[in-house]
Amino acid sequence: MPRRSRPQRLIQELQDWRDEELQDLAAMIAGLLEARQQQTPDPPLEQREDGTPLGRNGGRGHIELKMIPDSKTGKTYGPYRYLRYWGTTKTGKKGLKSVYLGKGNLTHE
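Residues numbered from 1 in each chain as written. Predicted model: local features only at pLDDT ≥ 70, side-chain atom pairs only at ≥ 80, totals over all residues. Heavy atoms only, no water.

Peer 1: Talk me through the overall build of the chain; I want residue IDs and the actual numbers.
Peer 2: Helix and strand counts for the chain come out as 2 helices and 3 strands. Each helix (α) and strand (β) of the chain, taken in turn from the N terminus, gives the series α-α-β-β-β. By the burial criterion, 23% of the 109 residues in the chain qualify as buried. Sequence separation of 24 or more characterises 32% of the internal contacts of the chain that already satisfy a separation of 6 or more. Summed over its atoms, the accessible surface of the chain is roughly 8800 Å², and 52% of this surface lies on carbon and sulfur atoms. (Helix = DSSP H or I, 4+ residues; strand = E, 2+ residues; numbered from the N terminus. Buried < 20%, exposed > 50% of the residue type's maximum accessible area, 1.4 Å probe, protein only. Contact = heavy atoms within 4.5 Å. Areas by Shrake-Rupley, 256 points an atom, 1.4 Å probe, with all protein chains shown as cover.)

Peer 1: So what's going on with the pairing of strand 3 (residues 94-103)? Which residues, and what values?
Peer 2: Two faces belong to every sheet, and in a regular strand the side chains alternate between them. Inspection of the sheet shows strand 2 (residues 76-88) paired to strand 3 by 9 bridges, in the antiparallel sense. In the sheet register, Trp86 faces strand 3, and the bridge partner there is Leu96. Taken together, strand 2 and the strand that follows it, strand 3, pair antiparallel across an intervening segment of 5 residues, in which Gly92 is found at a positive phi of about 90°. (Pairing = 2+ DSSP bridges.)

Peer 1: An account of helix 2 (residues 19-37) is requested, with residue identities and associated values reported.
Peer 2: If you check helix 2, its first and last C-alpha atoms are 27 Å apart, about what 19 residues at 1.5 Å a residue would give, namely 27 Å. Listed as buried for helix 2 are Asp24, Ala27, Ala30, Gly31, Glu34 and Ala35. Along the long axis of helix 2, the arc covered by the buried residues comes to 130°, so they all point the same way. Facing away from the buried side of helix 2 by over 90 degrees, the exposed positions are Asp19 and Gln37. Looking at the buried side of helix 2, the elements it contacts are strand 1 (61-69), strand 2 and strand 3. (Expected span 1.5 Å × (residues − 1). Arc of directions from axis to C-beta.)

Peer 1: I'd like a description of the pairing of strand 2, backed by residues and values.
Peer 2: By the bridge criterion, 8 bridges tie strand 1 to strand 2 in an arrangement that is antiparallel. Paired with Lys66 across the bridge in strand 2 is Tyr80.

Peer 1: Tell me about the sheet that holds strand 2, and please be specific about residues and values.
Peer 2: Sheets are built from strands that pair by backbone hydrogen bonding, the pairs being arranged parallel or antiparallel. In spatial order, the strands read 1-2-3; together these 3 strands make up an open sheet with antiparallel pairing. Unpaired on one side and paired on the other, strand 1 and strand 3 mark the two borders of the sheet. Adjacent strand axes in the sheet meet at a mean angle of 35°, parallel and antiparallel pairs treated alike. Strand contacts of helix 2: strand 1, strand 2 and strand 3, with the helix running at about 120° to strand 2, the strand carrying the most contacts. (Axes fitted to C-alpha atoms, helices over the stretch in contact; angles between N-to-C directions.)

Peer 1: How would you summarise the environment of Trp17 if you had to cite specific residues and measurements?
Peer 2: Tracing the chain through its elements places Trp17 in the loop between helix 1 (6-14) and helix 2. Residues in contact with Trp17, not counting those within four places in the same chain, are Leu22 and Leu25.

Put into structure tokens, the structure is as follows:
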């Protein structure tokens, strides 16, 4: 039997998720894909604080680097990667949400 791909293995778990969870996951994936495929337009658009370009109409997603200051010591930790994407909030409205991706830079494999 041929080896299953990662999406094929994942779909077995996803079949038991609630519709709301699947919709949130779909929004995260759309945001991540857009963030990874963004190309700098000519002329460049407005930039976010981390220097990444802001997509047309705000886009569906971007990866943001965040530095976390320690108020006690004054040290700053990071950068930490967050996926910022448009999804449905707990109040049922569309809004900007975020998911922690880990420590590191903007590159991906």
